[in-house]
Amino acid sequence: MNPALKTWAGFGGAAVLLFAVAPAALSDFRLNLLAKFLCLAMVAVGIGFAWGRGGMLVLGQGVFFGLGGYLMAMHMKLADAGPGGVPDFMLLYGNGVLPGWWEPMRSPVVTVLAILVLPAALALVLGYAVFRRRVRGAYFAILSQALAAAFALLLIGQQTVTGGTNGLNGFRSFFGYDLADPLNKQTLYYICAGVLLAMVAGVRLLMNSRYGELLVAVRDQENRVRFLGYDPALIKAGAYALAACFAAVGGALFTPVAGIISPADVGVVPSISLLIGVAIGGRATLLGPVIGSIAVSWAETGLSERFPSIWTYFLGGLFIVVVAFLPNGLASLTFRRRPSPATGKQTQPATSVDLPATSGGHP
Amino acid sequence: MDALFSQLFAGVSLGSVLLLVALGLALTFGQMGVINMAHGEFMMAGAYTAFVVQHVVSNAGLSLLIALPLGFLAGGLLGLLLEATLLRRMHSRPLDTLLVTFGVALVLQQLARDIFGAPNVDVRAPAWLQGAVLDTTIPKTRLFILVLAVVAVSLLALALKLTPLGRRIRATVQNRDLAEASGISTTSADRITFFLGSGLAGIAGVALSLLGSIGPTLGTNYIVDAFLVVVVGGIGQLKGAVIAAFSLGVVQATFEYSTTASLAKVLLLVAIIAFLQVRPQGLVALRTRSLA
Amino acid sequence: MPHSSKSTRRSAVTIALAAALALSACGAKAGESGSAAPAESCVDTSGSAVKIGFLNSLSGTMAISEQTVRDSLDLAAAEINADGGVLGKQLQIVAEDGASEPTVFAEKADKLISSDCVAAVFGGWTSSSRKAMLPVFESKNSLLFYPVQYEGLEASKNIFYTGATTNQQIIPGMDYLKEQGKSKVFLVGSDYVFPRTANKIINAYAKANGIEIVGEEYAPLGHTDFATIVNKLKASGADAVFNTLNGDSNVAFFKEYKNVGLKAETVPVVSVSIAEEEVGGIGVENIEGQLTAWNYYQTVKSAENETFVKAFKAEYGAGRPTSDPMEAAYTSLYLWKAMVEKADSFDVAAVQTAADGVTFDAPEGTVTVNGENHHIAKTAYIGKIDQDGLIYPVWESEGAIEPDPFLKGYDWAAGLS
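Residues numbered from 1 in each chain as written. Chains lettered and ligands numbered in written order. Predicted model: local features only at pLDDT ≥ 70, side-chain atom pairs only at ≥ 80, totals over all residues.

So, the overall build of chain B
Applied cut-off: Labels follow the DSSP assignment, with helices taken as runs of H or I lasting at least four residues and strands as runs of E lasting at least two, numbered in each case from the N terminus. This radius of gyration counts C-alpha atoms alone. The globule rule is 2.2 Å times how many residues there are, raised to the power 0.38. Once C-beta atoms are placed from the backbone, any two residues with those atoms within 7 Å are in contact.
Counting its secondary structure elements, chain B contains 11 helices and zero strands. Overall, chain B shows an N-to-C arrangement of helices and strands of α-α-α-α-α-α-α-α-α-α-α. By the compact-globule yardstick of 19 Å for 292 residues, chain B fits well, its C-alpha radius of gyration being 19 Å. The C-alpha extent of chain B, read off along each of the three principal axes, is 60 × 45 × 35 Å. Residue pairs in contact within chain B that sit at least 24 positions apart in sequence constitute 78% of those at least 6 positions apart.

Some remarks on the nonpolar core
So the rule is basically this: For this entry, the nonpolar core is defined as buried Ala, Val, Leu, Ile, Met, Phe, Trp, Tyr and Cys residues connected by C-beta atoms within 7 Å. As a rule, residues whose C-beta atom has 12 or fewer other C-beta atoms within 10 Å are exposed, those with 20 or more are buried, and those in between are partly exposed; C-beta atoms are placed from the backbone. Throughout the structure description, domain borders are defined by an automatic or database domain assignment.
The biggest cluster of nonpolar side chains holds 354 residues, and the ones touching the most others in it are C192(A), L20(B) and A22(B). Counting only domains with at least three residues in this core, you end up with domain 1 (49–164 + 305–377) and domain 2 (167–295 + 381–413) of chain C. Beyond its immediate chain neighbours, meaning those up to four positions away, L20(B) contacts I145(B), L148(B), A149(B), A152(B), I203(B), A204(B) and A207(B).

Things to note about the sheet that holds strand β13 (residues 376–377) of chain C
Strands pair in a sheet through their backbones, by hydrogen bonds, and they do so in one of two ways: parallel or antiparallel. All names here are of chain C. Convention followed: Two strands make a pair as long as DSSP finds a minimum of two bridges between them.
Ordered by their spatial adjacency, three strands build an open sheet running β11-β12-β13, and the pairing between neighbours is antiparallel. Both outer strands of the open sheet, β11 (359–362) and β13, are each paired with one neighbouring strand and no more. Here strand β12 (residues 365–369) pairs with β13 via two bridges, running antiparallel. Along β13, the bridge assignment pairs V369 with I376.

Observations regarding the UniProt feature "transmembrane region" (unreviewed entry) in chain B
Residues and elements named next belong to chain B. To keep it simple, the criterion reads: UniProt positions are given in the numbering used here, feature names are shortened, and annotations may be inferred rather than shown by experiment.
Mapped onto the present numbering, the UniProt feature "transmembrane region" (unreviewed entry) falls on residues 6–30, 64–82, 94–112, 143–160, 192–214, 226–251 and 263–280. The annotated region residues 94–112 carries 100% helix and 0% strand content, and the separation between its end C-alpha atoms amounts to 27 Å. In residues 143–160, helix accounts for 100% and strand for 0%; the two terminal C-alpha atoms are 26 Å from one another.

Some details on the interface of chain C and chain B
Under the convention used in this document: Gly is placed with the polar residues, together with every amino acid not listed as nonpolar (Ala, Val, Leu, Ile, Met, Phe, Trp, Tyr, Cys and Pro) or charged (Asp, Glu, Lys and Arg).
Chain C puts 32 residues into the contact, and the matching count from chain B is 32 residues. Those elements giving two or more residues to the side of chain C that touches chain B turn out to be α2 (63–82), β7 (212–219), α7 (227–236), α8 (249–259) and α9 (276–282) of chain C. Among the elements that make up the side of chain C that touches chain B, the one with the highest residue count is α7(C) (six residues). Grouping the constituent residues of the side of chain C that touches chain B by class yields 12 nonpolar, 11 polar and nine charged.

Quick notes on helix α9 (residues 220–233) of chain B
To keep things clear, this is the line we draw: The span one expects for a helix is its residue count, reduced by one, times 1.5 Å.
The terminal C-alpha atoms of α9(B), which comprises 14 residues, lie 21 Å apart, in line with the 20 Å expected from a rise of 1.5 Å per residue. Most of α9(B) sits inside the fold, with 12 of its 14 residues counted as buried. Along α9(B), the positions that sit buried rather than exposed are N221(B), Y222(B), I223(B), D225(B), A226(B), F227(B), L228(B), V229(B), V230(B), V231(B), V232(B) and G233(B). Residues of α9(B) that are buried in the fold lie against α6 (137–157) of chain A together with α1 (2–32), α2 (39–56), α10 (238–258) and α11 (261–278) of chain B. At the C-terminal side of α9(B), G234(B) shows a positive phi close to 95 degrees.

Examining the sheet that holds strand β3 (residues 121–123) of chain C
Residue and element names in this part refer to chain C. As a reminder of what qualifies: Every axis in this analysis is a line fitted to C-alpha atoms, fitted for helices over the stretch in contact. Angles between the N-to-C directions lie between 0 and 180 degrees.
Pairing is parallel in the open sheet, where five strands are placed in the order β2-β1-β3-β4-β5. The open sheet has two free edges, formed respectively by β2 (90–97) and β5 (159–161), since each of these has just one partner strand. Direction aside, the axes of adjacent strands within the sheet are offset by 25 degrees on average. With three bridges connecting them, strand β4 (residues 144–146) and β5 associate as parallel partners. In the sheet register, L144 faces β5, and the bridge partner there is I159.

Structural notes on the environment of L143(C)
Residues and elements named next belong to chain C. Checked against the element boundaries, L143 lands in the loop between α4 (127–140) and β4. Between the C-alpha atoms of L143 and W336, which are 193 residues apart in sequence, the distance is 9.7 Å. Apart from residues lying up to four places away in sequence, L143 is in contact with A120, V121, F137, N158, F160, V348 and V351.

Description of unusual backbone geometry
All names here are of chain C. Phi at C117 takes a positive value of approximately 55 degrees, unusual for a residue other than glycine. Its place among the elements puts C117 in the loop between α3 (102–115) and β3. Of the residues examined, C117 has 17 C-beta atoms within 10 Å and is grouped as partly exposed. Positioned with a positive phi, H374 is a non-glycine residue whose angle comes to about 65 degrees.

What to know about the confidence of the model for chain A
Caution applies to low-pLDDT parts of the model: their predicted coordinates are not meant to be read in detail. Residues and elements named next belong to chain A. Defined as follows: The quantity called pLDDT is the predictor's confidence in a given residue, expressed from 0 to 100.
Summing up the model confidence of chain A, the mean pLDDT is 86 and the portion of residues at 70 or higher is 90%. Here helix α15 (residues 331–334) is the element of chain A with the lowest mean pLDDT, 75, and helix α11 (residues 232–258) is the one with the highest, 97. The low-confidence segment residues 336–363, where pLDDT is below 50, has 70 contacts with residues more than four positions distant or belonging to other chains.

A few points about the packing of α6(A) against α11(B)
Selection rule: We call two directions roughly parallel when the angle between them is under 35 degrees, roughly antiparallel when it is over 145, roughly perpendicular when it lies between 65 and 115, and oblique otherwise. Left-handed describes a crossing in which the near helix is turned anticlockwise from the far one by less than a right angle; the clockwise case is right-handed.
Between α6(A) and α11(B), the least distance of the axes is 9 Å, while the angle of their chain directions is 150 degrees. Viewed along their axes, α6(A) and α11(B) adopt a mutual orientation that is roughly antiparallel. The chirality of how α6(A) crosses α11(B) is left-handed. Within the contact between the two elements, α6(A) uses L143(A), A146(A), A149(A), A150(A), L153(A), L154(A), I156(A) and G157(A) and α11(B) uses S262(B), L263(B), K265(B), V266(B), L269(B), V270(B), I272(B), I273(B) and L276(B). Of the residues in the contact of α6(A) with α11(B), the class split is 14 nonpolar, two polar and one charged.

Right under this line is the structure:
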């Protein structure tokens, strides 16, 4: 089959699955759960791009996920408090005065812009600064991990303005729509599904673009790209910023879906957990990260409640085996030449992607 | 003046803890390029060894002295197992070692939870390590850990410098292919390096049992700090790790004294990120002509 | 791969987005009439059994503590079932793991209510887990029984608080220190909501009672290096310490405290998060003689407590101590039973109406539900940790203290909430 047609078919299949099958087959509760997983999958798409394609092991995506989530939560808290109002927790634990940097989030437009721009800009600046100094590989991974640790600690320590370990929760409305209404929750699911599909489509375009090829070139032979006159730092920082933006959007949608965002969702451990699905699914493929991350989340919810101990062994074991022996993830098992994202659950022809990449991140 | 002195010692002591924790990593990460996230769990294994030994030998002093070598063995053997089964095939993929060892860490933590139970356990300090030194505010346990750290680092440095084994390890680090061509078995050099590094984690675990309690998550509390010590110190040389550990300890304690513990940690992390902007290769770098 | 069909790809995106918009027929706007109606309850009480949910962390950092609460909930449920159940119906337990994460608590609470249709949920430990579950219980109009002492400043009609609020634990603790003539108190706590709120109250109390707060330090959760904080403590000249540290940090703190030569006789530490089962992990030798403030100890003398301790040890082993949160959890299930029987219905509204004045002869003594704020009246005990690892009461309040989560009855607390 023609690859373009195959892409089309895969995309259509995914859309049918997300927009028709899932809402019909799942209860309100399960659908909301799926919406949560889709939000995490958005982060995975970004990780897949930065790590699988760009070779940057991003261990601290929780920072951007949290930034997006907290920005959205701030807006929802302020909207619930009403014009001129102060969020409930500030009255309880603080002095009841709204800090100045909260003020702009009253506006829905500013909030959406901030979610799209702030994390990406931060990643771009930070990324360019460290990549320019040729900090890479393990150093970059550890640095991004330290960033996640610092961010979580900062949130916890500033209880009166961030909610501390409690995080922010108890939202009543999302841009004016009542969150207690099941119909609105369903709408939220459709938004998540639509955004995720759009992200996948966007990454697919980027992968095949000139930029996408440069990124892979930087991953595999940074010096040669530099000798050709390109600036590898800028290329990498761009991919890092895109991943940050995706993570922020995922976080921003996660907050109304889950009804809470807290430091437990942004620190070192959740940041690494976000990577697990990507690695298992296949980091360099298009749909591998998405399906891997949704499958891991789904299995975790289902299995961990019944067998918390066995689940940990299973997940840890699977992770070890996949990374050690199948660096391209389970995706590399299905088709030899064209790693397909299918993990067995999906039967329709899936999107084709480029040749399987070698493992990311050579020194 | 008294407070200043105690605070300075607190910093040095924190530095010695960091050094013990990071010394093994400096060896495995610095020399081999393996990013071992399970290093913290090897420490946990050492700490639980101290607990088990104390259970068998009820004399606290004797059990500590037995636990030190046994903890070294426990950590070392775990490391050896990890190297032989998984890491051996991953030399060309250093970043993936980070992920694999994270999986190993998950499994080891759950294993500890299933074997020893979720509640933390306690190891009694021997009588000769209780209280403060003479009339000062220096706790004897902390002095003991400081001495232990200094002894460990000196022995390791001497071993690397003077013994034939150390020469083989250094040769492998500096040029793997040339070492191989000169008849050095790099496989066994790697294996011994990993055994030593992991064993040091075990010793660190035994030492930590004197300061806090022992639980399945003991390692996770230290692993990020340990990596930061190695990164700031610069890879390839022990000297860097020593300087970095003590500087970070003193800086953290100073920040903590003038602000709060949470804020001190945040400030320290930010300072490290800024420092790596200035010196991405760390404090002490191996000079090479490679483009890396 | 040929660079073709860019336009088709773009149209795919457009179609997906259009579909999202088309399908998202708008639900109610916030504030619109009808939107506030609580979801229809799906609790099934027609059969011979009724479902209830237990939601505690069995994995993650809080598993250490919450497993003990789960054990005593299981014990209470087994006892009630053996005794004929509630309103003649056997209790069917749906057990969930909160995994020590607030997000998971919120998700699992939702599952228990909407998917399993339980009549009530028992569990939660950390403030963040309770805060995360609160909106779920309110919007789905279900009931949560929360068994742990906490920082007060809360009263939801959907939660029953069977642990102590601040005026039943923190304030008695300070009263005791004042009675002992202590005038310089040092505050140390973990960095989260309970210690910070507790210390805010203690500061206000101290100001009104002529006590000086000579230091206030917070350590990140899981912090294990207390050299600096203990240095500050020693330099402050404090004659007592109020400790709200959580979990592992206590071990490191008390080891350091002891090593710099501080002693329980001269600078006692009052702890509010160390119960019997933590003593073993900290090491008795490190905290012997220190004080705790709770509403129950294994050593409380009453016929009910004797029965409870005996039943618990028979079930889980002689080595397992009983503690305040375990007792509060055990009591919570019996209180719910009493409320349901008084209401003669499992219906949430009926139980809420019936709650006021419901009593239970608990192991800690007789407790009474306050229908207005959903807390319970409890007796406060200051205890001393003994060589055998148990805690013995050295002081008790005059009778049960009425719960006052917003401290309205204390003049000095004006402006705190």
